[in-house]
Amino acid sequence: MTSEPALRVIMRRLREIMSEPGDGQARLDKIVKQIAGVMVAEVCSIYLKRQDGSLELFATEGLKISAVHNTRMNRGEGLVGRSAELNITINEPEASSHPAFSYRPETGEDIYHSLLAVPVQRSGQVLGVLVVQNRTPKEYSDEDVEVLQATAMVVAEHIVSGAVAGAGTAIELSKSMSSVIDGEAISDGIALGHVVLHEPRIVVERLMAEDTDEDMERLGTAIAALRTHLDEMFDHEHLSAAGEHHDVLEAYRMFAHDKGWERRLRESVNGGLTAEAAVERVQNSTRARMLRQNDAYWRERQRDLDDLSDRLLRILAGRITSADEPSSLPSDAILVARTMGPAELLDYDRKRLRGLVVEDGSAQSHVAIVAKALGIAAVGQARGVVERVSAGDAAIVDAITGEVHLRPSSDVISAYSDKVRFLARRQRQYRALRDVPALTTDGERVSLHINAGLLVDMPHLKQSGADGVGLYRTELLFMLSNTLPKLERQVESYRAVVARADGKPVIFRTLDIGGDKILHYLRQPAEENPAMGWRAVRMGLDRPALLRTQIRALLRAAAGAELRVMIPMVSEAVEMDAVRALVDKERGILLAKGYESPKRVQLGAMIEVPGLLFELDALMKRSDFVSVGSNDLMQFLFAADRTNARVGSRYDPLSPAPLRALKALVKAAKKHNVPLTLCGEMAGRPIEALALIGLGFRSLSMSPASIGPVKTMILSTHAGRVSAHLETLLRKSAPNIRESLNNFAKSESIEV
Ligand code: PEP
Ligand code: MG
């Protein structure tokens, strides 16, 4: 036998086995059969280590099947135990005459002479032993040893991932090892702490009520307790600041007070079910209805309902008392859950919570919004995490990369402790720059603004020391709401934004819905190519009622002050005329009704559609300011969908075509004396912001976290020299502008 083909064959068969349906045990059974066949061994067995250190026969080809799960070797017992204990390969032609041999009659192994045992291990930790045996006494070849060792490695991987061996031992084993789970960061931050498993849901055992009246009364009392408890919890000090989470929690509270829900619960009890069974039944039937609605909004609503039903079940079981109960949480709790609703998170003592890991959940999920409001680092989409942890395990939540480190080694812990200290130091440095104006070394002032979309973003304006809000994405309020936000609700929301800006300018962008931003309550036709479809100002002009209400709300919110309104996805300069006419009309109506008007209204166009580049004069004449939406502009310039991972980052904005386009914009804005900003992601990346400064941009808008790094870059930059360098690169159509700029930054000691 040569090792190459045998190994390849085994690997292929392992892959096939892993891709076939079947439980862990069935897979192990197939694996030993395949190894025996390919290695021409009469026996192939796998022993797995139990928590007490003993080894259990988990699967075999060749030994008696009745021995599986019945034969156990004590720690270090026999050749198999020795292989595990010393983490060594044992190759014995005459196993039975070895002094360490331990004979197990129940296996029927007395007829086999030679034995090859290799440890199944990962990261130096032995999980079990893989053994082959033959009747003829022989020493296994080096190739045989290599094949079995390589196979054992792959089996170890599958054990750790939980794909083989099924419930029980192997999973228990994998629970003692360090591992990393890749998820998605849903609330920024890094947290080190210890795992608290979110309480699993209560299993309903008694279905039929013995005394319907009594169950009806229990149900009534539990619903009342649920409502009081939610009211107590939502009014808690940590949540008192206004923000998007308020809308989420209000929607949740409304769910709890929903008359239809209560009626269905009572009907079920009337029908003979216990209060608990009624909760489960109503939950199941509502879930079935909601699942038919295949969109994110309904999935979130369903999570709220599950959360509410679980909470009611816990109350019925006497397991929820008051929000003020003394906490049994560790002081550095990392909460791990399959799924979690926003209210469930609030059940925990905020002061002791460091991080959250959920198996589902996206950045837009309600629990993520609440985690952000509370400042808890959270990772979602952490598949299989619940199976792989035990309460009390050490864990690190890296909600920057989306990784969760379970039972990290001391090296990883110390690397992360350094990272947390480093981030804190960087943050302190950035904070120290807060009131330092963003001036280049040759005295050019660059104004820096933040992008925002929710009230919770507004405190960042002060914290970052930014000059204003360069892009306020108003659609987020609409996306979080259950129904189209009415005029008064909008006025209130925009007014709160203006108040929180505390005199600094805010640019409100009118609704940019359509495309992938769907409002479930608004009828929108399905489109083949939604990014280029009926969205933003196109919808605004075709459905003026929507845009007019928004403009009216903005005008009222900015009474007596200056109002800046920006229009997304302008495709032709004349669209600005139509919007201006609409604004003027609304202003007239408000004045006629006796409302105070803003002191001044400035109307700006977003430059996102490449066509505008060819009518810049006309556009500038019609705009009080312009702002480049580089996210969209790049996707349309390169015809590369920004949401498609395959092509989204295929083209570099730091290449000649887009840079020339941006340069033309700077020139036109200067010529017409129209303020120009760029508010796409480019502005927040220091190297790209450096290029923008080189092109002549003096105003940028970015996520609040980017203000510190971009300001640090500006403070170490000589704008004149970057400009000259970039000019040369563009003239030569240099092939790798990003690399050249990075080299330039290095040579000039610019911090990018
Ligand atoms: C842009 O397109 O660059 C932009 C800022 O708008 P959004 O990312 O919201 O489309
Ligand atoms: Mg855009």
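Everything numeric in this text was worked out from a predicted model, so none of it was measured.

## Some points on the overall build of the protein
Here's step 1: The helix and strand tally for the protein stands at 27 helices and 22 strands.
Here's step 2: By the burial criterion, 53% of the 752 residues in the protein qualify as buried.
Here's step 3: Charged side chains of the protein number 95 positive and 100 negative; the gap between the two group centres comes to 7 Å.

## Points about the site of ligand 1
Here's step 1: Near ligand 1, the surroundings consist of 14 residues, among which Arg509, Glu608, Gly629, Asn631 and Arg642 are the closest.
Here's step 2: One of the side-chain nitrogen or oxygen atoms of Arg473 is found 2.9 Å away from an oxygen atom of ligand 1.
Here's step 3: Within the backbone of Ser630, one N or O atom sits 3.1 Å away from an oxygen atom of ligand 1.
Here's step 4: Protein contacts shield 97% of the accessible area of ligand 1, which totals 290 Å² for the unbound molecule.
Here's step 5: The set of elements that each furnish at least two residues to the shell around ligand 1 consists of β16 (468-473) and α21 (630-637).
Here's step 6: The element contributing the most residues to the shell around ligand 1 is α21, with three residues.
Here's step 7: A breakdown of the residues in the shell around ligand 1 according to their chemical character gives three nonpolar, four polar and seven charged.

## Some words on the coordination of the magnesium ion (ligand 2)
Here's step 1: Binding of the magnesium ion (ligand 2) to the protein goes through Glu608 (OE) and Asp632 (OD), at separations of 2.0 to 2.1 Å. Here Glu608 is found in the loop between β19 (600-607) and α20 (616-622), whereas its partner Asp632 is found in helix α21, with 24 residues between them in sequence. An identical accessibility class is assigned to Glu608 and Asp632; each is buried.

## Things to note about the sheet that holds strand β1 (residues 43-49)
Here's step 1: The strand order across the open sheet built from six strands is β3-β2-β1-β6-β5-β4, with neighbouring strands paired in antiparallel fashion. Of all strands in the sheet, those bounded by a partner on one side alone are β3 (72-73) and β4 (90-92).
Here's step 2: Direction of pairing for β4 relative to strand β5 (residues 114-122): antiparallel, over a ladder of three bridges. From the neighbouring strand, Asn91 faces β5, where its bridge partner is Leu116.
Here's step 3: Against the sheet, helix α2 (residues 24-38) makes contact with β1, β2 (55-61) and β6 (125-134), and its axis sits at roughly 60° relative to β2, the strand it touches most.
Here's step 4: Contacts from helix α3 (residues 78-86) reach β1, β2, β3, β4, β5 and β6 within the one sheet, and its direction differs from that of β6 by about 145°.

## Things to note about the sheet that holds strand β10 (residues 333-337)
Here's step 1: Across the sheet, which stays open at both edges, the eight strands sit in the order β7-β14-β13-β9-β10-β11-β12-β8 with mixed pairing between neighbours. A strand with exactly one partner marks an edge of an open sheet, and here the two such strands are β7 (179-182) and β8 (184-187). The sheet shows a mean angle of 30° between the axes of neighbouring strands, direction not considered.
Here's step 2: Here β10 runs beside strand β11 (residues 353-358); their pairing, made up of five bridges, is parallel. Looking at β11, one finds that Ala333 is bridged to Leu353.
Here's step 3: Against the sheet, helix α12 (residues 366-374) touches β8, β11 and β12 (377-380), its axis set at about 60° to β8.
Here's step 4: Of the strands in this sheet, β9 (190-197), β13 (394-398) and β14 (403-406) touch helix α13 (residues 410-432), which is tilted by about 130° from β9.

## Structural notes on the pairing of β7
Here's step 1: Side chains Ser179 and Ile181 of β7 all project onto a buried face; the interleaved residues Val180 and Asp182 project onto a face where none is buried.
Here's step 2: As paired strands, β7 and β14 are joined by four bridges and run antiparallel to one another. From the neighbouring strand, Asp182 faces β14, where its bridge partner is Glu403.

## Here's the deal with the packing of aromatic side chains
Here's step 1: Within this structure, the stated rule accounts for three aromatic pairs.
Here's step 2: Between Phe638 and Tyr651, the ring centres sit 4.9 Å apart and the planes meet at 15°, which makes this aromatic pair stacked. Of this pair, Phe638 sits in the loop between α21 and α22 (645-648) while Tyr651 sits in the loop between α22 and α23 (656-672), and the two are 13 residues apart along the sequence.
Here's step 3: For Phe638, a relative accessible area of 23% corresponds to the partly exposed category.

## Observations concerning the packing of helix α24 (residues 686-695) against helix α26 (residues 719-731)
Here's step 1: Close contact between α24 and α26 brings their axes to 8 Å; oriented N to C, the two are set at 90°. Comparing the axis directions of α24 and α26 gives the class roughly perpendicular. Contacts between α24 and α26 pair Leu690, Ala691, Ile693, Gly694 and Leu695 from the former with Ala719, Val722, Ser723, Leu726 and Leu730 from the latter.
Here's step 2: Looking at side-chain class alone, the contact of α24 with α26 contains eight nonpolar, two polar and no charged residues.

## Some remarks on unusual backbone geometry
Here's step 1: Even without being a glycine, Met569 presents a positive backbone phi close to 60°.
Here's step 2: With respect to the element layout, Met569 can be found in the loop between β18 (562-567) and α19 (574-592).
Here's step 3: Residue classification places Met569 among the buried residues on the basis of a relative accessible area of 1%.

## Some words on a negative patch on the surface
Here's step 1: On the surface, Glu210, Asp211, Asp213, Glu214 and Glu217 cluster together into a patch of negative charge.
Here's step 2: By the element assignment, Asp213 lies in helix α6 (residues 212-234).
Here's step 3: Given the relative accessible area of 62%, Asp213 is considered exposed.

## Points about helix α8 (residues 259-270)
Within an α-helix, residues lying three or four positions from one another point in the same direction, as the helix has 3.6 residues per turn.
Here's step 1: Between the first and last C-alpha of α8 there are 16 Å, a value that for 12 residues agrees with the 16 Å anticipated at 1.5 Å per step.
Here's step 2: Residues of α8 that are buried: Gly260, Trp261, Glu262, Leu265, Ser268 and Val269.
Here's step 3: Among the residues of α8, the N-terminal cap falls to Asp258, whose side-chain oxygen and the backbone nitrogen of Gly260 are separated by 3.4 Å.
Here's step 4: Following α8 by one or two positions, Gly272 adopts a phi angle in the positive range, close to 110°.

## A few points about the environment of Pro610
Here's step 1: By the secondary structure assignment, Pro610 is in the loop between β19 and α20.
Here's step 2: Using a relative accessible area of 19% as the deciding quantity, one classes Pro610 as buried.

## Brief notes about the pairing of strand β22 (residues 699-702)
Here's step 1: Where burial is concerned, the two faces of β22 agree: the one with Ser699 and Ser701 and the one with Leu700 and Met702 are both buried.
Here's step 2: As paired elements, strand β15 (residues 447-452) and β22 share four bridges and run parallel to each other. Among the inter-strand pairings, Leu448 is bridged to a residue of β22, identified as Leu700.

## Overview of the confidence of the model for the protein
Here's step 1: Looking at the protein, pLDDT values average 88 and 93% of them are 70 or higher.
Here's step 2: Contacts of residues 322-326 to residues separated by more than four positions or lying in other chains number four contacts, the stretch itself having pLDDT below 50.

## Details of the environment of Arg425
Here's step 1: Within the fold, Arg425 resides in helix α13.
Here's step 2: In sequence terms Arg425 and Glu344 are 81 residues apart; their C-alpha atoms lie 33 Å from each other.

## Observations regarding the pattern of salt bridges
Here's step 1: For the structure on display, the rule yields 40 salt bridges.
Here's step 2: One salt bridge in this structure joins Asp418 and Arg421, with 2.7 Å as the shortest N-O distance. One end of the pair is Asp418 and the other is Arg421, both in helix α13 and three residues apart, which spans about a single turn.
Here's step 3: For Asp418, a relative accessible area of 43% translates into the label partly exposed.
Here's step 4: The salt bridge partner of Glu586 is Arg548, with a shortest N-O separation of 2.7 Å. You can see Glu586 sitting in helix α19 and its partner Arg548 sitting in helix α18 (residues 544-557), a full 38 residues away along the chain.

The rules behind these values
- Residues numbered from 1 in each chain as written.
- Chains lettered and ligands numbered in written order.
- Predicted model: local features only at pLDDT ≥ 70, side-chain atom pairs only at ≥ 80, totals over all residues.
- Heavy atoms only, no water.
- Helix = DSSP H or I, 4+ residues; strand = E, 2+ residues; numbered from the N terminus.
- Buried < 20%, exposed > 50% of the residue type's maximum accessible area, 1.4 Å probe, protein only.
- Lys, Arg positive; Asp, Glu negative; His and termini not counted.
- Charge placed at Lys NZ, Arg CZ, Asp CG, Glu CD.
- Near = heavy atom within 4 Å.
- Polar contact = N/O pair within 3.5 Å; in protein donor to acceptor, adjacent residues only side chain to side chain.
- Areas by Shrake-Rupley, 256 points an atom, 1.4 Å probe, with all protein chains shown as cover.
- Nonpolar A, V, L, I, M, F, W, Y, C, P; charged D, E, K, R; others polar.
- Donors = N, O, S within 2.8 Å, 3.2 Å for Na, K, Ca; no water.
- Pairing = 2+ DSSP bridges.
- Contact = heavy atoms within 4.5 Å.
- Axes fitted to C-alpha atoms, helices over the stretch in contact; angles between N-to-C directions.
- Phe/Tyr/Trp six-rings, centres within 6.5 Å; stacked < 30°, edge-to-face > 60°.
- Parallel < 35°, antiparallel > 145°, perpendicular 65-115°, else oblique.
- Patch = residues over 30% accessible without salt bridge, like charges linked within 9 Å, V, L, I, M, F, W, Y side chains within 5 Å.
- Salt bridge = Lys/Arg side-chain N within 4 Å of Asp/Glu carboxyl O.
- Expected span 1.5 Å × (residues − 1).
- pLDDT = per-residue confidence, 0-100.

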